[in-house]
Amino acid sequence: QQQVKQSPQSLIVQKGGIPIINCAYENTAFDYFPWYQQFPGKGPALLIAIRPDVSEKKEGRFTISFNKSAKQFSLHIMDSQPGDSATYFCAPRGGSNYKLTFGKGTLLTVNP
Amino acid sequence: SAVISQKPSRDICQRGTSLTIQCQVDSQVTMMFWYRQQPGQSLTLIATANQGSEATYESGFVIDKFPISRPNLTFSTLTVSNMSPEDSSIYLCSAAEGMNTEAFFGQGTRLTVV
């Protein structure tokens with residue numbers, strides 16, 4: 001059973017574009033919704049996370065939108081830069097399960 | 001957030017041998033995890049390393065193949081035993097201060113088995 005479905009698998013945008021990455025989940029016990037960013041040769045790093053009591057959270061150029069009824073959350077990157085080129089993972093967690101459930105990842109390429 | 005140091009960063013090993021990967025956190029943490037990641041793929045949880053008790057393994061992973069130690073609140077090791085080329089992967093250590101806090105990751109150990 002795939003608990004987390006992340007899309008798209010890959011994404012290419014021009015500098016200044018607004019890539020959007022989506023994550024759909026099935027487990028209604030999830031109560032923590034993070035996005036991780038991973039550069040080649042590095043471990044994942046927490047980019048931004050949201051709790052289900054709010055529908056949107058913004059940190060700099062990164063925004064999470066959360067739709068509890070649809071069981072979906074998404075990552076928006078405003079004014080994307082070539083340095084944002086990386087793999088992004090959604091990894092919700094919650095309930096009695098303290099473990100992160102990783103999506104398959106989205107490879108983002110921002111062309112200059 | 002805390003900093004995780006993993007050693008070695010990469011290694012090339014002969015099949016049939018074992019490799020122990022070390023994970024050192026610069027602060028005390030409750031939770032430590034070990035993941036495996038094939039290049040270009042997602043992360044797969046191997047086990048949760050519990051201080052003072054046996055590690056908890058995920059389906060498909062067994063203690064005989066991946067023994068784990070967790071002697072204190074800042075350190076853990078993962079051993080990949082009797083290696084085969086199928087064990088070639090990136091192994092990542094992760095930690096969290098508590099069950100409901102941010103999880104952070106080491107830079108990974110790239111293992112190649114020949």
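Residues numbered from 1 in each chain as written. Chains lettered and ligands numbered in written order. Predicted model: local features only at pLDDT ≥ 70, side-chain atom pairs only at ≥ 80, totals over all residues. Heavy atoms only, no water.

Caption draft 1: Geometry of the interface of chain B and chain A. With 19 residues of chain B at the contact, the number on the chain A side is 17 residues. Of the roughly 1500 Å² buried between chain B and chain A, counting both surfaces, carbon and sulfur atoms make up 53%. Applying the counting criterion to the chain B and chain A interface returns 1 salt bridge. We note a salt bridge from K99 of chain A to E58 of chain B, for which the minimum N-O separation is 2.9 Å. Across the chain B-chain A interface, the total number found is 5 residue pairs in polar contact (both at pLDDT 80 or more). Looking at the side of chain B that touches chain A, the elements with two or more residues in it are β4 (31–37), β5 (43–49) and β10 (103–105) of chain B. A per-element tally of the side of chain B that touches chain A places β4 of chain B first, with 4 residues. Here the residues of the side of chain B that touches chain A sort into 9 nonpolar, 8 polar and 2 charged. (Contact = heavy atoms within 4.5 Å. Buried area = accessible area lost by both parts, 1.4 Å probe. Salt bridge = Lys/Arg side-chain N within 4 Å of Asp/Glu carboxyl O. Polar contact = N/O pair within 3.5 Å; in protein donor to acceptor, adjacent residues only side chain to side chain. Helix = DSSP H or I, 4+ residues; strand = E, 2+ residues; numbered from the N terminus. Nonpolar A, V, L, I, M, F, W, Y, C, P; charged D, E, K, R; others polar.)

Caption draft 2: Region of the structure containing the state of the cysteines. Residues and elements named next belong to chain B. Counted by the stated rule, this structure contains 2 disulfides over all chains. Two residues share a disulfide in this structure: C23 and C93, whose sulfurs sit 1.9 Å from each other. In this structure, the disulfide formed by C23 and C93 twists by about -70° around the S-S bond and is classed as left-handed. Taken as a pair, C23 in strand β3 (residues 19–25) and C93 in strand β9 (residues 89–96) lie far apart in primary sequence, 70 residues in all. For C23, a relative accessible area of 0% corresponds to the buried category. (Disulfide = S-S within 2.5 Å. Buried < 20%, exposed > 50% of the residue type's maximum accessible area, 1.4 Å probe, protein only.)

Caption draft 3: Molecular detail of unusual backbone geometry. In this chain, S7 of chain A is followed by P8 of chain A through a cis amide linkage whose omega measures -5°. Of note, the amide linkage connecting K7 of chain B to P8 of chain B takes the cis form, showing an omega dihedral of -10°. Here P8 of chain B lies in the loop between β1 (4–7) and β2 (10–13). Its identity as a non-glycine residue notwithstanding, K71 of chain A has a phi of 55°, on the positive side. Tracing the sequence through the fold places K71 of chain A in the loop between β7 (62–67) and β8 (72–77). You can call K71 of chain A partly exposed: its relative accessible area is 29%. One non-glycine residue, D79 of chain A, lies in positive phi territory at about 45°.

Caption draft 4: Up close: the sheet that holds strand β6 (residues 56–59) of chain A. Residue and element names in this part refer to chain A. The strand order across the open sheet formed by 5 strands is β1-β3-β8-β7-β6, and the pairing between neighbours is antiparallel. At either end of the open sheet lies a strand with only one pairing partner, and these are β1 (4–7) and β6. Between one strand axis and the next, the sheet turns by 15° as a mean value, whatever way the strands run. The sheet contact formed by β6 and β7 spans 4 bridges and is antiparallel. Counted as the bridge partner of K57 is I64 from β7. (Pairing = 2+ DSSP bridges. Axes fitted to C-alpha atoms, helices over the stretch in contact; angles between N-to-C directions.)

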